[in-house]
Amino acid sequence: MTSTAVSEHSWLLPGTLTAPTARARRTLRDWFVDSLCFLAALGWALVAWEDSLSAEPALALNAGPSWLNEVDFLASLVLCGALWVRRRWPVGLALASLPLALFSVSGDVALLIILFTVSVHRPFPVAASMFGVHLLAIPIYLRLRPEPVRSLWLVVGWILLCLGAMLAWGMFVRARRQLVVSLRERAHRAEAEQQLRVTRARQLERTRIAREMHDVLAHRISLLSLHAGALEFRPDASSEEVARAAGVIRGSAHAALRDLREVIGVLRAETGVAEGAEPERPQPTLVDVPTLISESRAAGVRVSLVDQVAERVELPPTVGRSVYRIVQEGLTNARKHAPGVVVDVRLTGRRGDGLTVEIRNPWPVGVAGQGVGSPAAGSGADIPGAGTGLVGVAERVGLAGGRLEHGRDAAGHFRLAAWLPWPA
């Protein structure tokens, strides 16, 4: 049951379902049912009183003293008025009406309605105890109101049948209301869980996009910084060299803008590609690593590549993309924190054994062992960074089911090594 359905048809539901509180307001249905119960109880009381005034009453009103009928009628009128508060105090009203059950004929309908209300609004043990207490009043009632025509067992059987029917009906109504409440709570819980899953999926997608932006832009902008630094420290360069460096900077800037546009496009993409839209460029994989090495060499970084990957054609695209991003992050960190050193890149592996990526470079002179990412002391031209590159690499490797190691080795070199699974 949704909230929209409740708001549209709340007047058709009991107040305990629309606002399940101890002081729930009556709905239009509640007012109709309460009015119907009051009129039925009052009508029976008037019929019983009129029957008692006749010469030959059809009910058992001719037994007992004459004043008992008057007391019975007045007490039944009070009980009819008390039916308007039966939803709030059903047990208290059932106990208060117990003396009337000892002799009343006019209040029989009101008593049955009160007991029915107890079975609807209270647990079964409470309702059964109230019905049991009223059953104990049957012997006293039959003594004060003996039946002159019908047999004793017929009267007792009829009373038991009426009380049992009220108890069973009330239990059925209560069980149905509890079912509706449980289904509504389950629907609300499922809706909240679905909203939580959507929020978590959005958060994971934003984290993935942020990691891609870091990997792509950090590489491109570090290349721009190196080329711009070369122009800054070579004021005597010839016009051809300046033009060549400016062309490289322009090309790198365009590549950075293109990569940024593609990553940001993921945020604006719809579920399907719009007609006439430019198709998304394929993501880099293992075959694009040599191009990545060439770009770093063109920027003045000394890089050596050893590629010993067998059966590369059957490498899963996700593994190849992870290898590319790991090498990209390793070269970016080397340009940032160890400028001028030789970077060794080694790729090994085969199907079934996994794929290993290892990036190693000498520890830069003048840098204390403060951990990964510490810039050279006293360098005023350090390339700034967010310091989260290796964190993103670790997340990427962890999601792929691999292992990552980084830090200073026994030879004094910085080593970044990752193993990625390659299923057979």
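Rules behind the numbers
- Residues numbered from 1 in each chain as written.
- Predicted model: local features only at pLDDT ≥ 70, side-chain atom pairs only at ≥ 80, totals over all residues.
- Heavy atoms only, no water.
- Salt bridge = Lys/Arg side-chain N within 4 Å of Asp/Glu carboxyl O.
- Helix = DSSP H or I, 4+ residues; strand = E, 2+ residues; numbered from the N terminus.
- Pairing = 2+ DSSP bridges.
- Axes fitted to C-alpha atoms, helices over the stretch in contact; angles between N-to-C directions.
- Contact = heavy atoms within 4.5 Å.
- Phe/Tyr/Trp six-rings, centres within 6.5 Å; stacked < 30°, edge-to-face > 60°.
- Buried < 20%, exposed > 50% of the residue type's maximum accessible area, 1.4 Å probe, protein only.
- Lys NZ or Arg CZ within 6 Å of the ring centre and 35° of its normal.
- Polar contact = N/O pair within 3.5 Å; in protein donor to acceptor, adjacent residues only side chain to side chain.
- Parallel < 35°, antiparallel > 145°, perpendicular 65-115°, else oblique.
- Nonpolar A, V, L, I, M, F, W, Y, C, P; charged D, E, K, R; others polar.
- Core = buried A, V, L, I, M, F, W, Y, C linked by side-chain atoms within 4.5 Å.

Participant: Can you lay out the pattern of salt bridges for me, pointing to particular residues and giving the numbers?
Facilitator: A side chain with one charge may pair with a side chain of the opposite charge, provided their charged atoms come close. On inspection of all chains with the given rule, the structure shows six salt bridges. D409 is paired through a salt bridge with R360; the nearest N and O atoms lie 2.3 Å apart. Of the two residues, D409 is situated in the loop between β4 (403–408) and β5 (413–420) and R360 in strand β3 (residues 354–362); the sequence distance between them amounts to 49 residues. A single salt-bridge network, built from bridges that share partners, covers E358, R360, E405, D409 and R415.

Participant: Now, about the sheet that holds strand β2 (residues 342–350): what can you tell me, with residues and values included?
Facilitator: Spatial strand order, β1-β2-β3-β5-β4: five strands in an open sheet with mixed pairing. This sheet does not close on itself; its edge strands, each paired only once, are β1 (302–309) and β4. If you compare each strand with its neighbour and ignore which way they point, the axes differ by 10° on average. Judged from the eight bridges that link them, β1 and β2 form a sheet pairing that is parallel. Bridged to V303 within β2 is V343. Along the sheet, helix α11 (residues 289–298) makes contact with β1 and β2, crossing β1 at roughly 170°. Here helix α12 (residues 317–337) sits on the sheet and contacts β1, β2, β3 and β5; the angle it forms with β3, its principal contact strand, is near 5°.

Participant: Pulling in residues and values, what's your account of the packing of aromatic side chains?
Facilitator: What characterises a pair of aromatic rings is the spacing of the ring centres plus the angle enclosed by the ring planes. Considering all chains together, one arrives at five aromatic pairs under this definition. With a centroid separation of 5.7 Å and 40° between ring planes, the pair formed by F38 and W84 is classed as tilted. Taken together, the residues F38 in helix α3 (residues 28–53) and W84 in the loop between α4 (67–82) and α5 (90–96) connect sequence positions 46 residues apart. Classification of F38 by relative accessible area gives partly exposed; the value is 21%. For W84, a relative accessible area of 26% translates into the label partly exposed. Between W49 and F73, the ring centres sit 4.9 Å apart and the planes meet at 25°, which makes this aromatic pair stacked. Of this pair, W49 sits in helix α3 while F73 is found in helix α4, placing the two residues 24 residues apart along the sequence. Residue F73 is classed as buried on the basis of its relative accessible area of 13%. Members of the aromatic cluster, joined through ring pairs, are W31, F38 and W84. Looking at R88, its charged tip hangs above the ring of W89, at a distance of 5.5 Å from the centre. Cation over ring: R403 sits above W419, and NZ or CZ is 4.5 Å from the ring centre.

Participant: Just give me the short version of the side chain of R86, but keep the residues and values in it.
Facilitator: Looking at where R86 falls in the secondary structure, it is placed in the loop between α4 and α5. One polar contact links R86 to T117, side chain to side chain, over a distance of 2.6 Å.

Participant: For the packing of α3 against helix α6 (residues 108–121), give the residues involved together with the corresponding values.
Facilitator: It is at 7 Å that the axes of α3 and α6 come closest, and there the two elements cross at 150°. Between α3 and α6, the angle falls in the class roughly antiparallel. For the pair α3 and α6, contact is made by C37, A40, A41 and W44 and by D108, V109, A110 and I113, respectively. For the contact of α3 with α6, a count of residues per class yields seven nonpolar, no polar and one charged.

Participant: I'd like a rundown of the pairing of β2, residues and numbers included.
Facilitator: Taking every second residue as pointing to the same face, the buried face of β2 carries V343, V345, L347 and G349, while none of V342, D344, R346, T348 and R350 on the other face is buried. When β2 meets β3, the two strands line up antiparallel, connected through seven bridges. Residue pairing for β3: R346 is matched across the bridge by E358. If you look at the hairpin formed by β2 and β3, you'll find three residues sitting between the two strands, and G352 has a positive phi there, around 95°.

Participant: Talk me through the nonpolar core; I want residue IDs and the actual numbers.
Facilitator: Membership of the largest hydrophobic core comes to 35 residues, with the highest contact counts inside it found for L79, L83, A94, I114, L115, F131 and L142. Elements represented by at least two residues in this core include exactly α3, α4, α5, α6, α7 (124–135), α8 (138–144) and α9 (152–233). Considering each element in turn, this core owes the most residues, eight residues, to α6. Judged by nonpolar contacts, the second largest core, of 30 residues, contains V309, Y324, A334 and L355.

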